[in-house]
Amino acid sequence: QVQLVESGGGLVQAGGSLRLSCAASGSIISLNDMGWYRQAPGKQRTLVAVVNSGGNTNYADSVKGRFTISRDNAKNTVYLQMNTLRPEDTAVYYCSAEIRSSLRPTRTNYWGKGTLVTVSS
């Protein structure tokens, strides 16, 4: 059974930084795209950043230059370094990964349960 577990959320003042982590575990054969999404109260979940297995990245325009996504393939972990945080970054942040596992050999998208990031003004 594959699981994604996020950590690193919390309360921070505007202008501050946080680093989110998401570790994938289970009978994993391969990890493809790994990404972060966020959902603010009353809004839809949207893409923040994604990194593929080759290390290529893509960011939402609203976070370019402030957030950095990276991954450690040896640890099956993806990170999101968030700098110069703004109140509008407040949201639940979800990790997502496209995984092939021994139980599901075809590419399947998995989600973590989310971690709350609150940025105070």
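### Description of the nonpolar core
If you look at soluble globular proteins, the nonpolar side chains tend to sit buried side by side.
Consideration 1: Counting 31 residues, the largest nonpolar core has Trp36, Leu80, Met82 and Tyr93 as its most contacted members.
Consideration 2: Contributing elements (two or more residues each) for this core: strand S3 (18-25), strand S4 (28-39), strand S5 (46-51), strand S7 (67-72), strand S8 (77-82), strand S9 (91-101) and strand S11 (115-120).
Consideration 3: Per-element tally for this core: the top contributor is S9, with five residues.
Consideration 4: Apart from residues lying up to four places away in sequence, methionine 82 is in contact with Gly16, Ser17, Leu18, Leu20, Arg66, Phe67, Tyr93 and Val117.

### Quick word on the environment of lysine 75
Consideration 1: Mapped onto the elements of the fold, lysine 75 is located in the loop between S7 and S8.
Consideration 2: Residue lysine 75 is classed as exposed on the basis of its relative accessible area of 54%.
Consideration 3: Considering only alpha carbons, one finds lysine 75 and alanine 24, 51 residues apart in sequence, at a separation of 8.2 Å.

### A short note on the environment of leucine 47
Consideration 1: Mapping leucine 47 onto the fold places it in strand S5.
Consideration 2: Taking the relative accessible area as the measure of exposure, leucine 47 reaches 31% and is therefore partly exposed.
Consideration 3: Counting along the chain gives 29 residues from leucine 47 to leucine 18, while the straight-line C-alpha distance between them is 18 Å.
Consideration 4: Leucine 47 has contacts with Trp36, Tyr37 and Ala60, leaving out every residue within four places of it along the chain.

### Comments concerning the state of the cysteines
Among covalent bonds in proteins, the disulfide is the one between the sulfur atoms of two cysteines.
Consideration 1: All chains considered together, the criterion is met by one disulfide.
Consideration 2: Each sulfur in the disulfide pair cysteine 22 and cysteine 95 lies 2.1 Å from the other. Between cysteine 22 and cysteine 95 the sulfur-sulfur dihedral comes to about -80°; the bridge is accordingly left-handed. With cysteine 22 in strand S3 and cysteine 95 in strand S9, this pair connects stretches of sequence that are 73 residues apart.
Consideration 3: A relative accessible area of 0% places cysteine 22 in the buried class.
Consideration 4: Its relative accessible area of 0% is what places cysteine 95 among the buried residues.

### Comments concerning the pattern of salt bridges
Consideration 1: The full count for this structure, using the stated rule, is four salt bridges.
Consideration 2: When the shortest N-O distance is used, the salt bridge between lysine 64 and aspartate 61 registers 3.1 Å.
Consideration 3: The exposure class of aspartate 61 is exposed, given its relative accessible area of 64%.
Consideration 4: Of the charged contacts in the structure, one is a salt bridge between arginine 107 and glutamate 98, with a shortest N-O distance of 3.4 Å.
Consideration 5: Classification of glutamate 98 by relative accessible area gives partly exposed; the value is 23%.
Consideration 6: Connected through shared salt-bridge partners, Arg38, Arg66 and Asp89 make up one network.

### Details of the pairing of S11
Consideration 1: Burial of the side chains of S11 is restricted to one face: Thr115, Val117 and Val119 are buried, whereas none of Leu116, Thr118 and Ser120 on the reverse face is.
Consideration 2: The pairing of strand S2 (residues 10-13) with S11 spans four bridges and is classified as parallel. Note that in S11 the partner of glutamine 13 across the bridge is serine 120.
Consideration 3: Pairing of S9 with S11 involves three bridges; the strand directions are antiparallel. Within S11, the residue paired with tyrosine 93 across the bridge is threonine 115.

Thresholds, definitions, all that
- Residues numbered from 1 in each chain as written.
- Predicted model: local features only at pLDDT ≥ 70, side-chain atom pairs only at ≥ 80, totals over all residues.
- Heavy atoms only, no water.
- Core = buried A, V, L, I, M, F, W, Y, C linked by side-chain atoms within 4.5 Å.
- Buried < 20%, exposed > 50% of the residue type's maximum accessible area, 1.4 Å probe, protein only.
- Helix = DSSP H or I, 4+ residues; strand = E, 2+ residues; numbered from the N terminus.
- Contact = heavy atoms within 4.5 Å.
- Disulfide = S-S within 2.5 Å.
- Salt bridge = Lys/Arg side-chain N within 4 Å of Asp/Glu carboxyl O.
- Pairing = 2+ DSSP bridges.

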